[in-house]
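Listed below are the residues making up each chain.
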Amino acid sequence: MSRRGRYVLILLVGAIVLLSVLGWLVSLRTDYLWYDSVGYTAVFSTMMWTRLGMFGVFTLAMAAWCGLNLYLAYRFRPDTWPATSEQEGLERYRELISPRAGWWIGGVAVVVGVFAGMSAQSRWETWLLFREGGRFDWTDPVLGMNAGFYVFRLPFWQFLIGFGFAAIVVGLLASLSAYYLYGALRFSGQGDRMTNVARIHLSVLVALFLGLKAVAYYFDRFDFTTQENQVTDIVGGGYTEMTALMNAKNALIWVSVIAAVVILVFSWGFTRSLALPAAALGLVVVTAIAAGGIYPAVVRNFQVEPNRPQREGEYAQHTIDGTRYAYGMEDLETTTYSVASQPNAETMSADQSTVPFVRLIDPFVVSDAFTQAQQPRSFYDFNEKLDIDRYTYTDENGQEVTQDFVVGLRELNPGQLTDEQQDWTVAHTVYTHGWGFVSASTTESDNGAPCFTSGVLSDDPGNCQIGNDIIDVEKPQIYYGLLNNEYAIVGVPEDETPREYDRPTDVAVVDEDSTEDPAEEIGDDRYTTYEGDGGVDIGSIGNRLLYAWEFQEPRFLLSSQINEESQLLYNRNIRERVQMVAPFLTVEADPYPAVVDGEIVWIVDGYTTTNEFPYADRVNLADATNDTYSGQGVANQASEEVNYIRSSVKAVVNAYDGSVKLYEFDEEDPILKAWNEIYGGDLVIPKEETPESLVAHFRYPQDLFKIQRSLLQRYHVDESRTFIEGGEAWATTNDPSQAQSVTQPAYYVYATYPEQDQPYFQLTSTFTPRNRENALASLMSGYYDEDGNPRLTVYDVVGGDDQSVRQIHQIITSTSEVVTTLRDATQAGTTVEWGNLLALPVGDGILYLEPMYLRRQAGGQGEDLPRLTNVAISYGGYVGFAPTFEEAVAMVVEKYVSGAPSEAEQTEGEEGETESPSETPTEAPTTEAPATADPPEVEAAIDNVIAAQTAYEEAQASGTNEEEGRALDDLLAALDQLAAAREAAGQ
C-alpha cells in the first residue's frame, strides 16, 4: 500500500473511532440530562461510575496478567533456537517483534484487557448486590446457608471464578505462543521439546487451573439448591444431588488439589516424563465421569425412581416451603367453601355484600365504545384494554358510596394523526398531549353503551343514573401514558400565544379545566402551554446541538418554534420511564390510571426478582402472565426465568409532569433494601410516608397474582408425598369466550367473600382439577386488607355440583334464549362477543356472570362498537338470560321457586345419551344456533333486520354521513322490533 493510501486509511479509521466516541459521549450527556430532569441523577451516576470502575479494574487486572506472562516468556527465551524448518519459518516474525517487544507485549495486553473489562462491566449489578446485600428470613435447610448468600454473594464469587479461569487460559495461550515463537517449545526435532523455564511456567499455570477448579467444585455444591431435580421436576437438590453428587463434588475437590500438587512437583524437574502429569489430569477426568456422571445415574435409576415419595419426600418438602416463601405465599390462607347441591337462589335477591357490586361492564370489550363516544377528534384514543378501580363518592341521598369503575385516559395517539398533522413541527410542538380521565360505571349501562360518570367530552351527556362529575380532576392534560412515546417540544415565552392543541371547545365538557392554565380559544379549539418541569431544557444552543445529534434531527437547530422556554419531553411511556428510574425492577405489564388529590397519576407495580433463591421453583414470566389480554392493551413480560418475586414498590408517575415517585411497599424485602442503599438510601419513599389518598387506590398486583396462580396449581398441596404423586394437582381455567386455548384473565371485583366482614377490592381466579375441565376445584382471591397488607386466600370448593367456567359457558350457550339471540345476531350480520365470565361466591353457591355484547358498526367510522345487550348468569344450575342483571336474577329465582329442572341437569341428561359424564369436551362451545321454525311475525321481523342491514351497508359504501346515520338508526330499530316479536311469541 502506498504512503498516501496508508494515510487515508489511518484518517478513515480515526474518523470512525472519533465519531463513535463522540456519539457515546453525546448519549452519555443526554442521558444525564434526562435523569436530572426526573431527579434521579444518583441512579445514573451510580450505574455509570460502577461500570467504569468495573471496566477499569478488570481491564488492568487482565492486562497486567497477560503482560506478565508474555514478559516472562520473552524474558526467559533461549539465546539460540534449533535450526529446523519449523523455526526458520518463524524467523521473520521474531525479526518483526523483537525490536519493539515491549510495545507488542503492552499492545496485546491492553487489547485482551479491554475485552475482559467490557465483559466485566456488564456485571455491575452483581458487584453492587455483593457489596450491599443482606440476609433473608430463610435459610437453606440442607447446607445451612442463608438465602442472602445465594442471592447476593454466590453470583459474584462465581463470576470471579469464571474470570480466573479466563485469565489462566489467556496466560496459557499467551505463554505457549511466546515460547513457541522463540523456540522454548517445539513440536519437531531432536532433544528436549521444552526448556526448563517453559516447563515450570506452564506447569504452574496448569496447577493454578486445577487449584481454581477445586475452588469451583466447592462452590458448585451450592448450585444443587437452585438446579432442577430431574426426578420430581422441581427446583432444589433431591436425594441424588444431595448424596451422590455432593459426595462426587467433595471427591473432585481433593482429586483436583492432588493433581495440582503432582503437576507442581513435575514442574520443578523431579521427572521430565509427561506420564505423571498426564496421569494426574486423567484422574480428574475419570473421577468427574465416574463420580459425577455414572454413579449419580445409578443412584437415580435404581434407588430413587422406584421409591420416589420415600427418597424425595424430604427434599420436595424443602421446595414446597421455599417456593411459598419466595413468592410471598408463606401466609397463604386455605379455607373450605361448602356449596349446597341446590343453593337457595332467593339469597341473591337479599344479598347486600356482593350482588349489588357485581360488575357487568368488561374493561377489555368496551375500549372501542369509550373511544367512539369520547373521541371528538380522531387522534384521541384509549388503550385497547381499560382498567378497573374503585372510588368513594356521595350519592344523591347524601350517603358515601364505594364502587368500582371502568377507567381510562383519553390519550393522544400519534398513529391516528393525518398526513398534514404528522409534519415534524406540528406533530412535535402542537399535538403534544391527550386530555381527560374518563370513567364509567361497572354496574349499569346506558342502553348498552358505557354509562360515563366523569371526564365526559361529548355533546351527548347520556342517561346514567350516577352523576357524571363524581371524580374531580384539576389538570386533565395527559402528557405521559401508554400510547404516545414520541418526543414533544413544549413551552413558549409568556407574551406568546399558546400553540399546544388541548381540546375542542364545540362540545360539552363535564370536568372544566383549571382557570390557572394558560390557554386560549381559537375558533372551535382550545390551545394551552405546558407548565410542568418534567422535561429537559433545550433553550440553550448547546442542548439543542446535543439533541440534534442524539435524535439525528437538524430541525432542533433550525426550527423557530424552539425558544429559551422550550422543554423536551421524551421517554414518555410510563413503563419505560419507571424501568429507567429503577433498572432493578421488573415492571407490571398493565399499569392503571387513578385520580389522587385531583391529579391524574399512573400506578405501576414494581417487582424485585431473582433466579438464585435456594429451594424455590422457577417460573417463566412470559408464560406465567400470559392470558387473553397479553399483547392486546397489556404488555408482554420478558421471557425470563425467576424463582423469587416480591411486590416491593408502588411506582407513581404523574400523567402531567412525568414525575416518578417510588413508594416502598414491602418493608422486609432484602433486595429492595440493598438497591435502596446502593442508590444512596433515599431512592424509595418509606411506606409510612405514602399518602392515604394514594393507598386507597392500591390494588393486588396482577402479574404477581398470575405467577402465584401458576404455582398454586401444584403448590396448594403442602404435604410432600401427595405433592410428588400429583393426584391433587389443579389447572388454570382457559378463557371460555376464546376459540383458541388461552388462560382466562383474572378479574377485579368489589365483593365480600366467605369469612370476610366487609367488601374488598379483590383479584379473583378459578382452578379446575387437572384433566377434569368440567369441574370447579377452587377459587383464589388476592386483596389488601384494611391495614394495607396483602392477603392471599384459596377457597376449596366442596359439595354441590358446581361446574367450571368452561362448562358453565357451554350450558349458557346451549339454552334456548341464548341460541335464539345468537341466531338473530348472525342473521343480522352482528358479531357476538362474550365478556369475561366471573365466578363469585354468593350465599351457599357460586354465582356465574357473563355479559353478552353485540358489535355494531359505528356510523361514519367503520368500526365495530360493542353494545351490552344481555346478561347471562348461572346459580345452582339455573340460567338467567335477560337485558339486565336484575331481570336475569329474577329468572333464576323464578325457576328455583317453581322447582323447574335446571339447565345443568338438562345438559347432563343430553350429554349422558352420547358420552359418559366424566368425558371432557374437546371443542370450544359453539355460538351457531340450530335451525328452528319461527312464527310469521318473527320471520317478518328477521326479514326487516336483513333489509335494514343491507341498506346500512349500502349507505356506508356510497352514502353521506347523514344517510349512514339514518340507516344505522333503522337497523337498530329493526333489531328492537325483532326482540319485541320474540318476546310476544314467547321465545
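Now for a quick tour of the structure.

**Some points on empty space enclosed by the protein**
1) Next: Inspection of every chain in the model, using the stated rule, returns four cavities of 30 Å³ or more.
2) Next: Taken together, 13 residues make up the lining of the largest cavity; nearest its centre are R359, P363, K385, A746 and Y748.
3) Next: At the level of secondary structure, the elements contributing two or more residues to the lining of the largest cavity comprise β5 (387-394) and β26 (747-751).
4) Next: Looking at the lining of the largest cavity residue by residue, the classes come out as seven nonpolar, two polar and four charged.
5) Next: Volume-wise, the second largest cavity comes out at about 60 Å³.
6) Next: As for the second largest cavity, its lining consists of N383, K385, L386, D387, V407, G408, L409, E411, L482, P593 and W602.

**Brief notes about the environment of N611**
1) Next: Mapped onto the fold, N611 is located in the loop between β20 (599-610) and β21 (619-620).
2) Next: If sequence neighbours within four positions are ignored, N611 has contacts with R618, E641, V642 and N643.
3) Next: Here the side chain of N611 touches R618 through a polar contact of 2.6 Å, side chain to side chain.

**Remarks on the nonpolar core**
1) Next: Counting residues in hydrophobic clusters, the biggest one holds 183 residues, and the most contacted among them are F556, F613, L662, I873 and F885.
2) Next: In this view, F885 contacts V355, V358, L360, L847, L849, V871 and I873; residues no more than four positions away in its chain are not counted.
3) Next: A63, A101, L202 and F222 belong to the second-largest nonpolar core, a separate cluster that totals 29 residues.

**Quick look at the sheet that holds strand β10 (residues 449-454)**
1) Next: Across the sheet, which stays open at both edges, the four strands sit in the order β5-β6-β9-β10 with antiparallel pairing between neighbours. Of all strands in the sheet, those bounded by a partner on one side alone are β5 and β10. Adjacent strand axes in the sheet meet at a mean angle of 50°, parallel and antiparallel pairs treated alike.
2) Next: Bridge analysis of strand β9 (residues 437-446) against β10 gives four bridges, and the strand direction is antiparallel. Within β10, the residue paired with A440 across the bridge is F452.

**Brief notes about a nonpolar patch on the surface**
1) Next: A surface patch of nonpolar side chains, amounting to about 790 Å² of accessible area, comprises L9, V13, V17, V21, W24, L25, W49 and L52.
2) Next: Elements that contribute at least two residues to the nonpolar patch include exactly α1 (3-38) and α2 (41-75).
3) Next: By residue number, the principal contributor to the nonpolar patch is α1, which donates six residues.
4) Next: When you line up the elements, V21 lands in helix α1.
5) Next: The exposure class assigned to V21 is partly exposed, which follows from its relative accessible area of 40%.

**Things to note about the pattern of salt bridges**
1) Next: All told, the structure shown has 22 salt bridges when counted by the stated rule.
2) Next: E333 is the salt-bridge partner of R791, the closest N and O atoms lying 2.6 Å from each other. Here R791, found in strand β29 (residues 790-798), pairs with E333, found in strand β3 (residues 333-338); they are 458 residues apart in sequence, far enough to count as distant.
3) Next: Residue classification places E333 among the partly exposed positions, given a relative accessible area of 28%.
4) Next: For the salt bridge of K706 with D627, the shortest nitrogen-to-oxygen distance reads 3.0 Å. Of the two residues, K706 is situated in helix α21 (residues 702-715) and D627 in the loop between α18 (621-625) and β22 (641-642); the sequence distance between them amounts to 79 residues.
5) Next: Given the relative accessible area of 5%, K706 is considered buried.

Cut-offs used in this document
- Residues numbered from 1 in each chain as written.
- Predicted model: local features only at pLDDT ≥ 70, side-chain atom pairs only at ≥ 80, totals over all residues.
- Heavy atoms only, no water.
- 1 Å grid on protein atoms, 1.4 Å probe; cavity = no way out; pocket = protein on both sides within 12 Å on 5 of 7 lines; lining within 4 Å.
- Points joined across faces, edges and corners; volume = space filled by probe spheres on them.
- Helix = DSSP H or I, 4+ residues; strand = E, 2+ residues; numbered from the N terminus.
- Nonpolar A, V, L, I, M, F, W, Y, C, P; charged D, E, K, R; others polar.
- Contact = heavy atoms within 4.5 Å.
- Polar contact = N/O pair within 3.5 Å; in protein donor to acceptor, adjacent residues only side chain to side chain.
- Core = buried A, V, L, I, M, F, W, Y, C linked by side-chain atoms within 4.5 Å.
- Buried < 20%, exposed > 50% of the residue type's maximum accessible area, 1.4 Å probe, protein only.
- Pairing = 2+ DSSP bridges.
- Axes fitted to C-alpha atoms, helices over the stretch in contact; angles between N-to-C directions.
- Patch = residues over 30% accessible without salt bridge, like charges linked within 9 Å, V, L, I, M, F, W, Y side chains within 5 Å.
- Areas by Shrake-Rupley, 256 points an atom, 1.4 Å probe, with all protein chains shown as cover.
- Salt bridge = Lys/Arg side-chain N within 4 Å of Asp/Glu carboxyl O.

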